[in-house]
Number of protein chains: 2
Amino acid sequence: MDSASGDHTVRSFDVELQRLTDTVVRAGGLVEAQLGDAMQALIRRDSVQAAEVVAGDARVDALEQDIHDHAVRLLALRQPVGEDLRAIVGALKIAGDLERIGDYAANVAKRAIVVNQAPPVRAVTAVPRMARLAQEIVNEVLDAYVERDVERAIAVWRRDEEVDELHTSLFRELVTYMMEDPRNITPCTHLMFIAKNIERIGDHATNIAEIIYYLVLGRPLKDSRPKGGADLHGSTPRPDADGS
Amino acid sequence: MDSASGDHTVRSFDVELQRLTDTVVRAGGLVEAQLGDAMQALIRRDSVQAAEVVAGDARVDALEQDIHDHAVRLLALRQPVGEDLRAIVGALKIAGDLERIGDYAANVAKRAIVVNQAPPVRAVTAVPRMARLAQEIVNEVLDAYVERDVERAIAVWRRDEEVDELHTSLFRELVTYMMEDPRNITPCTHLMFIAKNIERIGDHATNIAEIIYYLVLGRPLKDSRPKGGADLHGSTPRPDADGS
């Protein structure tokens, strides 16, 4: 093995770190595509496409495993400190969040298959609006990661509130439909969970924004995000409060 | 600083690693208590206790931050390899799962406050059964972590299926109540999300089981868990498929 002080080693470490970042970005792109396809499958009532999304989740999982293995290998072999260390730990954590976003996208697709078996429900039009917003946010946070752009990461972090607000109003709408006609209950419960999944995707995007902040600046993002409603079907007290 | 080969340094590293493990175990104990209190608040319709659980989540978050900071410091200063490296990365990941379990417990408590405002729903008796099982599983996996007991971790990993099965039958029960009487719709949707939160807690316990396996044996747990139903309100294809 090369000596740890050699120029060659330094350069090859930078190359390795870039490769790790690239794999994270690739996982991010895949997750974005999965989310887009899942929403399309829901809107077009296309169960074949939905099934493809479900099957595609294995690729996201495999990429996360690759990132984990690569990160642990770099930690062991290179013993990085400072920003390099934060970059590796950050990649590890972001990969975890992306894997979850992938899971949520796959679950949206699974539920789309069930929703497609029932007559159309009006609210289906409000769900894609929420999903588009979540997709934009995921896209923004991945750009912020590539650029190591803290300002952009903070903007994403704040923007998640919009997803939460849409989620709150959609939830209320769905309850109304359920009250109107009991036949709506089953599809509407699935739409509720679809909406919840999308809201969680937004939460994971804000997690990633926090990781970028920490990665670049070396301290946690502790600023308080403006808070919205009741924190049940709405905004969360902390952007990473996945359990809300 | 001590030389990396000195006996003193080796011993003090062991002490630090033990301290890290202890903090993870402490976070685990706190999360267990939060989950127990949240369920009690739901069963006894005690909104004061529920509010305490919600407030208590900040302590879990603070512990997770401590673990993260400690782990990154150890990685930077000690540059561990092999099992020590896995122990630190494992602590970091387990802390993340515990933080999520804490979030879910807090969310159960928040929803309990809402449910308490409506007349009692029958299904409330089935939810605690599910919660007790989830608590047992969390307790078991923390024991497995303390003991570095792979067999026990695998047992937890398999047992999560029971939580998933209870979740499936509870979901169906709740839909029936909603169909019977529209006044049940609002409390039942909250109970659905409470049940979903508990199911996710089980998923995070299985994640922790996987981390223990990796931590001890140095390779991922790839064995396939026996699969149950339709993977929507039931078992998940992968124990960490949080999005299901």
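Coordinates for the structure precede this section.
These notes cover the structure that comes with them. (Residues numbered from 1 in each chain as written. Chains lettered and ligands numbered in written order. Predicted model: local features only at pLDDT ≥ 70, side-chain atom pairs only at ≥ 80, totals over all residues. Heavy atoms only, no water.)

Overview of the packing of aromatic side chains
The following threshold applies: The pairing test for Phe, Tyr and Trp rings, Trp by its six-membered ring, is centres within 6.5 Å, and the orientation test on the planes gives stacked under 30 degrees, edge-to-face over 60, and tilted for anything in between. Every helix listed is a DSSP run of H or I at least four residues long, and every strand listed is a run of E at least two residues long, numbered separately from the N terminus. Exposure is judged per residue with a 1.4 Å probe applied to protein chains only, and the accessible area is read against the type maximum: over 50% gives exposed, under 20% gives buried, and values in between give partly exposed.
Counted by the stated rule, this structure contains three aromatic pairs over all chains. With a centroid separation of 6.3 Å and an interplanar angle of 55°, the aromatic rings of Phe171(A) and Phe193(B) are classed as tilted. Of this pair, Phe171(A) sits in helix H5 (residues 150–180) while Phe193(B) sits in helix H6 (residues 185–217), placing the two residues on different chains. In this structure Phe171(A) comes out as buried when scored by relative accessible area, which is 7%. Residue class for Phe193(B) comes out buried when judged on its relative accessible area of 2%.

Some words on the pattern of salt bridges
Rules: Each reported salt bridge corresponds to a side-chain nitrogen of Lys or Arg within 4 Å of a carboxyl oxygen of Asp or Glu.
For the structure shown, the criterion picks out 20 salt bridges over all chains. Among the salt bridges present, the one from Glu199(B) reaches Lys196(B), with a minimum N-O distance of 3.6 Å. In this pair, Glu199(B) and Lys196(B) both sit in helix H6, three residues apart, roughly one turn of the helix. Both residues of the pair, Glu199(B) and Lys196(B), count as buried. Several salt bridges converge on common partners, so that one network encompasses Glu16(A), Arg19(A) and Arg78(A).

A word on the relation of the copies chain A and chain B
Under the convention used in this document: The copies are overlaid by a least-squares fit using only the C-alpha atoms of residues whose pLDDT is at least 70 in both copies. Any pair of residues with heavy atoms lying within 4.5 Å of one another is described as a contacting pair.
Rotating chain A by 180° and moving it 0.0 Å along the rotation axis overlays it on chain B with an RMSD of 0.0 Å. Overall, the copies show the geometry of a two-fold rotation axis. When C-alpha positions in chain A are compared against the rotation axis, the closest is assigned to Gln79(A), at 2.6 Å. Taken as a fraction of all interface residues of chain A, those also at the interface in chain B reach 100%, which identifies the copy contact as same-surface.

Considering the side chain of Gln49(B)
All names here are of chain B. Inclusion rule: Under this definition, polar contacts are N or O atom pairs within 3.5 Å; protein pairs additionally need one hydrogen-donor-capable and one acceptor-capable atom, and for neighbouring residues in sequence, both atoms have to be side-chain atoms.
Mapped onto the fold, Gln 49 is located in helix H2 (residues 47–78). Judged by its relative accessible area of 13%, Gln 49 falls in the buried class. In terms of polar contacts, Gln 49 uses its side chain to reach the side chain of Gln 40, at 3.0 Å. Beyond its immediate chain neighbours, meaning those up to four positions away, Gln 49 contacts Asp 37, Gln 40 and Ala 41.

Considerations on unusual backbone geometry
The phi dihedral of Arg45(A) falls on the positive side, at around 55°, and the residue is not glycine. Structurally, Arg45(A) can be placed in the loop between helix H1 (7–43) and helix H2 (47–78). Although it is not a glycine, Gln79(B) sits at a positive phi angle of roughly 45°. Among the structural elements, Gln79(B) can be located in the loop between H2 and helix H3 (82–115).

Let's talk about the environment of Ile137(A)
Residues and elements named next belong to chain A. In this fold, Ile 137 is placed in helix H4 (residues 126–147). With relative accessibility at 1%, the residue Ile 137 sits in the buried group. Remark: the alpha-carbon pair of Ile 137 and Val 163, spanning 26 residues in sequence, is separated by 9.3 Å.

Here we look at the packing of H4(A) against H5(A)
Residues and elements named next belong to chain A. Where we set the bar: Axes, fitted as lines to C-alpha atoms, cover a helix only where it is in contact. Angles between the N-to-C directions of the axes lie from 0 to 180 degrees. Note on terminology: angles under 35 degrees are roughly parallel, angles over 145 are roughly antiparallel, angles of 65 to 115 are roughly perpendicular, and the others are oblique. For a crossing to be left-handed, the near helix must be turned anticlockwise from the far one by less than a right angle; the clockwise case is right-handed. Three classes are used, and their members are as follows: Ala, Val, Leu, Ile, Met, Phe, Trp, Tyr, Cys and Pro are nonpolar, Asp, Glu, Lys and Arg are charged, and the others, Gly among them, are polar.
Where H4 meets H5, the closest approach of the two axes is 10 Å, and the angle between their N-to-C directions is 165°. One finds that H4 runs roughly antiparallel with respect to H5. The interaxial crossing formed by H4 with H5 has left-handed handedness. Taken together, the residues of the contact of H4 with H5 sort by class into 13 nonpolar, one polar and 10 charged.

Description of the interface of chain A and chain B
Rules: Here the buried area means the combined drop in accessible surface, using a 1.4 Å probe, for two parts upon being joined, counting both sides.
Between chain A and chain B, the contact holds 52 residues from the first and 52 residues from the second. Between chain A and chain B lies a buried interface of about 4400 Å² when both sides are counted; carbon and sulfur atoms form 60% of it. Summed over the shared surface of chain A and chain B, the result is two salt bridges. For Arg100(A), the salt bridge identified is with Asp97(B), shortest N-O distance 3.9 Å. Elements with a minimum of two residues in the side of chain A that touches chain B: H2, helix H3 (82–115), H5 and helix H6 (185–217) of chain A. Ranked by residues supplied to the side of chain A that touches chain B, first place goes to H3(A) with 13 residues. Of the residues assigned to the side of chain A that touches chain B, the class counts are 23 nonpolar, 13 polar and 16 charged.

What about the packing of H2(B) against H3(B)?
All names here are of chain B. Contact geometry for H2 and H3: axes closest at 9 Å, N-to-C directions at 165°. With respect to each other, H2 and H3 are oriented roughly antiparallel. In this structure, H2 meets H3 at a crossing whose hand is left-handed. For the contact of H2 with H3, the residue count by class is 19 nonpolar, four polar and six charged.

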